[in-house]
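# A closer look at the structure
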Amino acid sequence: MMHKKLVFIIMIAIFLLLIPTQTLAVDFTITNSEIDVHLQENGEIHVEEHFTYTFEDDFNGMTRELFPAINTTIHDFTAFEQNNQLNVELKDGQYYIYREGKENETVTFTLSYSIHHALKVYEDLATFAWSFHDSNNNTDFANYIISIYPPGEPKEVYTYGTDTLFNQEQIHQNGVVSYHLNELRAGDDGSVYLAMDADLFSDAPMTAHATIKDSFLADQQEVIVAVEKAEQRKEQYAFIGKLLIPLMTVLAAGLIIRAVLIKKRNIAAMKYQYAKTEDHPKKIISIPAAIFYTNYGQLPPEAISAALLDLVRQGYVKEEERGHFTLQTKDGMNKHEQTFTYWLFNTIGQGDSFSVKDMDKYAKNKKNRETYMNQYHSWINAVKMETKEANLVDSQKMTRIFSLILMLINVPFLFFFPLNGLIAEFVFTLILALFFLLFSCFYSTKTLLGEEVIYEWQAFQKSFNQTPQQDWTQWDPDKLKQAIIYSLGTKNKHFMKDHDKLVESFKNQANVTATNHNVYSHADPLSYLYLGAIISQSTRNSNQAFYITDSGSSSHSSSGSGAGGSGGGNGAF
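All residue numbers refer to positions counted from 1 along the written sequence of the respective chain. pLDDT decides what is reported in this predicted model: residues at 70 or higher carry local features, side-chain atom pairs at 80 or more are listed and counted, and totals for whole chains, interfaces and linings draw on all residues regardless. Only hydrogens and water are removed before side-chain values are computed, so all heavy atoms of the structure are retained for them.

## What about the packing of aromatic side chains?
Centres within 6.5 Å make a pair out of two Phe, Tyr or Trp rings, where for Trp the six-membered ring is used; the pair is then stacked when the planes are under 30 degrees apart, edge-to-face when over 60, and tilted otherwise. For the coordinates displayed, the defined rule picks out 33 aromatic pairs. A centroid spacing of 6.1 Å and a plane angle of 80° characterise the contact between Phe413 and Phe416, whose relative ring orientation is edge-to-face. With Phe413 and Phe416 both in helix H10 (residues 413–419), this residue pair falls three residues apart, about one helical turn. An aromatic cluster of at least three residues, connected via ring pairs, comprises Phe340, Trp343, Tyr362, Tyr372, Tyr376 and Trp379. The positively charged end of Lys91 is found above the aromatic ring belonging to Tyr96, 5.0 Å away from the centroid. Geometrically, a charge over a ring is one whose NZ (Lys) or CZ (Arg) sits within 6 Å of the ring centre while staying within 35 degrees of the ring normal. Cation over ring: Lys479 sits above Trp475, and NZ or CZ is 3.9 Å from the ring centre. The helix count covers DSSP runs of H or I at least four residues long, the strand count covers runs of E at least two residues long, and both are numbered beginning at the N terminus.

In structure tokens form, the structure reads like this:
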């Protein structure tokens, strides 16, 4: 239990760490975003930002991240609401602007700051590059506008944006450059690149005695070519997706249809071949193996009782008195029966004898846990091995390999689709890839013999369920024993529903018999009801003491992107 609690705590901690800070803070929306950039003759850049927040909770203020580029600095950061100056605190590149308020309040914050050494002056042009919000931003902005104002009217103006801001530029007659987005989503990136007459910045220091125009235009052209190639790639992969996804969907449906047809064919062939079954299932596999195979690979605690009673039925074990058994012989036992008797009689019991009291005493000693579990699982594995060796399942190796190949074909596109912005194609491909992977790992079919085992035991169980309890005595004794053992081991609902009443009834009869005649009729098939109840209770207690489930499993088992510098993002607190 301590391990489970520790795992749970670790998972909660990881979940909380993965939650963006924004979700742990105040809920808000930014309905208007205006960034005015004023280029100064001395090369300084004055920025004034206006953000209109609508808060959904009580709040203490807003945040703004700014990351200067190498050799640039940010100065004189101030914040206002209308004419009221607000308190500001800088922590690790993030400015906290304090302004308390209530939910449903709308506030427009005005931020002002200067950027030094971001303007580069050459002989022909001066350049400026900056990303005001980048992929570090966790906030959506509505009506997002960047306006850049020169100190005078330029003769030459060149500008371009990257990523989200690509092809969004406008150059106005007075040389003002603007970028306008209806929405800037959280995580969107984009840098602004600008070049204009160097003569406008006569008071700014010269960066280099060289021309920059050709290089700037070449960079712009390179961005345009890269975007065009990206669009071409996106179109190509979109076309591939239109072919790949329907084809893979058809193939996935084909695998499912084929699996259904094979199952129907085998069942039909089995019913035709075995149209008239015997009174009880043929000895294809043992009763414990039949319980495991027909019960979805599960062996509940009651299966231990069933396995012991089956040994009694076959004469390998004899019940001397209530809950006390002696081993008669091991000759003729299969592998899992030998493993089972060693576990019960040698490990838990006295070698040639075993009693329910031995099981209870053994379970009280926690030091026996590891041995109990190991031998318990050894028995389960031996039962499982019998079903494998009986050729009841067809692994469908070639079909699974084919499915694995289809999965591998899809894998590269799990990277190509999202890299090219094809999210819907990625989701469908992921679903298909997971289907093919799971199919290749777990798909198998029952053989004709396997279908026969299922069919015969289900028919046998149905016949037993439909037989009134007062008519059980009309059944062949061995047939009735098998029915009781199988019903107990599979925890058959119909059988278990009246099980307690039947046990109590038999217990009273047995007490009377024992009192009057000093005889306990172990040959009576109905005695298996009482024996099964006694042993099952003991095995359930043992499994609980050793933390074993019904199936036999154990419980143990940052800096901003962009060319010049970056405003990471906005938030609130």
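Now that the structure has been shown, the text picks up again.
## Remarks on the sheet that holds strand S16 (residues 317–321)
In this description, strands pair whenever DSSP reports at least two bridges between them. Taken together, three strands build an open sheet; the order of strands is S16-S17-S18 and the sheet is antiparallel. In the strand order of this sheet, the two ends are held by S16 and strand S18 (353–355), each with one partner. Between one strand and the next, the sheet's axes are offset by a mean angle of 30°, whatever the strand orientation. Here S16 pairs with strand S17 (residues 324–327) via four bridges, running antiparallel. Of the residues in S17, the one forming a bridge with Lys318 is Thr326. Note on method: axes are straight lines fitted to C-alpha atoms, helices fitted across the in-contact stretch only, with angles between N-to-C directions ranging 0 to 180 degrees.

## As for the nonpolar core
What we call a nonpolar core is a set of buried Ala, Val, Leu, Ile, Met, Phe, Trp, Tyr and Cys residues that are connected through their side-chain atoms within 4.5 Å. Buried means the residue's accessible area, taken with a 1.4 Å probe over protein chains only, is under 20% of the maximum for its type, while exposed means over 50%, and partly exposed covers the values in between. Core analysis: the biggest nonpolar cluster contains 54 residues, and Leu308, Val317, Phe340, Trp343 and Trp379 have the highest contact counts within it. When near neighbours in sequence (up to four residues on either side) are disregarded, Leu308 contacts Val317, Phe325, Phe340, Leu344, Phe345, Phe354 and Ile535. Listed in part, the 49 residues of the second largest apolar core include Ile74, Phe109, Phe128 and Ile146. Contacts are assigned to residue pairs with any non-hydrogen atoms lying within 4.5 Å of each other.

## A closer look at helix H12 (residues 448–466)
Taking 1.5 Å per residue as the helical rise, H12 with its 19 residues ought to reach 27 Å, and the 27 Å between its terminal C-alpha atoms agrees with that figure. Listed as buried for H12 are Gly450, Glu451, Glu452, Val453, Ile454, Glu456, Trp457, Phe460, Gln461, Phe464 and Asn465. Every helix has an expected span of 1.5 Å times one less than the residues it contains.

## What to know about the pairing of strand S15 (residues 192–197)
Most of S15 sits out of view: six of its six residues are buried. Sheet analysis places strand S10 (residues 125–130) next to S15, joined by six bridges and oriented antiparallel. From the neighbouring strand, Ala129 faces S15, where its bridge partner is Tyr193. With five bridges joining them, strand S12 (residues 157–161) and S15 adopt antiparallel strand pairing. Within the sheet, the bridge partner assigned to Tyr160 lies in S15 and is Tyr193.

## Comments concerning the side chain of Thr127
Examined against the element boundaries, Thr127 turns out to sit in strand S10. Assessed through its relative accessible area of 12%, Thr127 is described here as buried. Setting aside residues up to four positions removed in sequence, Thr127 forms contacts with Ala118, Leu119, Lys120, Tyr122, Leu194, Ala195, Ile212 and Phe216.

## Comments concerning helix H9 (residues 397–410)
Counted at 1.5 Å a residue, the expected span for H9 with its 14 residues is 20 Å, and the 20 Å between its end C-alpha atoms agrees. Considered for burial, the residues of H9 that qualify are Thr399, Ser403, Leu406, Met407 and Asn410. All buried residues of H9 fall inside an arc of 100° around its axis, so they share one side. Projecting away from the buried face of H9 at angles above 90 degrees are the exposed residues Lys397, Met398 and Leu408. In this context, the arc is that of the directions from the helix axis out to the C-beta atoms.

## As for the environment of Ile535
Position of Ile535 among the secondary structure elements: in helix H16 (residues 527–545). C-alpha separation for the pair Ile535 and Ile304, spaced 231 residues apart in sequence, amounts to 8.0 Å. For Ile535, the contacting residues outside a window of four places in its chain are Ser305, Leu308, Leu309, Phe325 and Val356.

## As for the sheet that holds strand S2 (residues 45–55)
Pairing is mixed across the open sheet formed by eight strands, whose spatial order is S5-S4-S8-S2-S1-S11-S14-S13. A single partner strand is all that each edge strand has here, and the edge strands are strand S5 (84–85) and strand S13 (169–171). Where strand S1 (residues 28–39) lies against S2, eleven bridges are found, and the strand directions are antiparallel. Opposite Glu34, over in S2, you have His50 as the bridge partner.

## Some points on the confidence of the model for the chain
In low-pLDDT segments, the atomic positions of the prediction should not be examined closely. By definition, pLDDT measures how confident the predictor is in each residue, and it falls between 0 and 100. When pLDDT is averaged across the chain, the result is 81; 82% of the residues are at 70 or more. Note on residues 17–24: pLDDT is under 50 here. Beyond four places in sequence and across chains, it has eight contacts. Across residues 509–522, where pLDDT falls below 50, the model places 19 contacts with residues more than four positions away in sequence or in other chains.

## Let's talk about a nonpolar patch on the surface
Where nonpolar side chains cluster on the molecular surface, the patch consists of Leu404, Leu408, Leu430, Leu434 and Leu437 and spans about 390 Å² of accessible area. No other element matches helix H11 (residues 423–442), which puts three residues into the nonpolar patch. Along the chain, the position of Leu437 falls in helix H11. Patches were defined on residues exceeding 30% relative accessible area and lacking a salt bridge, with like-charge contacts within 9 Å and nonpolar side-chain contacts (Val, Leu, Ile, Met, Phe, Trp, Tyr) within 5 Å. What sets the accessible areas is the Shrake-Rupley method with a 1.4 Å probe; for residues, cover comes only from the shown protein chains. Salt bridges are defined by distance alone: a side-chain nitrogen of Lys or Arg within 4 Å of a carboxyl oxygen of Asp or Glu.

## A closer look at unusual backbone geometry
With phi around 55°, Asp76 is a residue other than glycine that occupies positive phi space. Secondary-structure assignment places Asp76 in strand S4 (residues 73–81). We note that Asn391 has phi near 60°; this positive angle belongs to a residue other than glycine. Mapped onto the elements of the fold, Asn391 is located in the loop between helix H8 (369–389) and strand S19 (393–394).

## Quick word on the packing of H12 against helix H13 (residues 477–490)
Two elements in contact, H12 and H13, have axes whose closest approach is 10 Å; the angle formed by their N-to-C orientations is 100°. The angle between the axes of H12 and H13 places the two elements in the roughly perpendicular class. For the pair H12 and H13, contact is made by Trp457, Phe460, Gln461 and Phe464 and by Lys479, Leu480, Gln482, Ala483, Ile484, Tyr486, Ser487 and Thr490, respectively. When residues are grouped by polarity, Ala, Val, Leu, Ile, Met, Phe, Trp, Tyr, Cys and Pro land in nonpolar, Asp, Glu, Lys and Arg in charged, and all others, Gly among them, in polar. Along the lines of polarity and charge, the residues of the contact of H12 with H13 split into seven nonpolar, four polar and one charged. Any angle that falls under 35 degrees is termed roughly parallel, while one over 145 is termed roughly antiparallel, one within 65 to 115 roughly perpendicular, and all others oblique.

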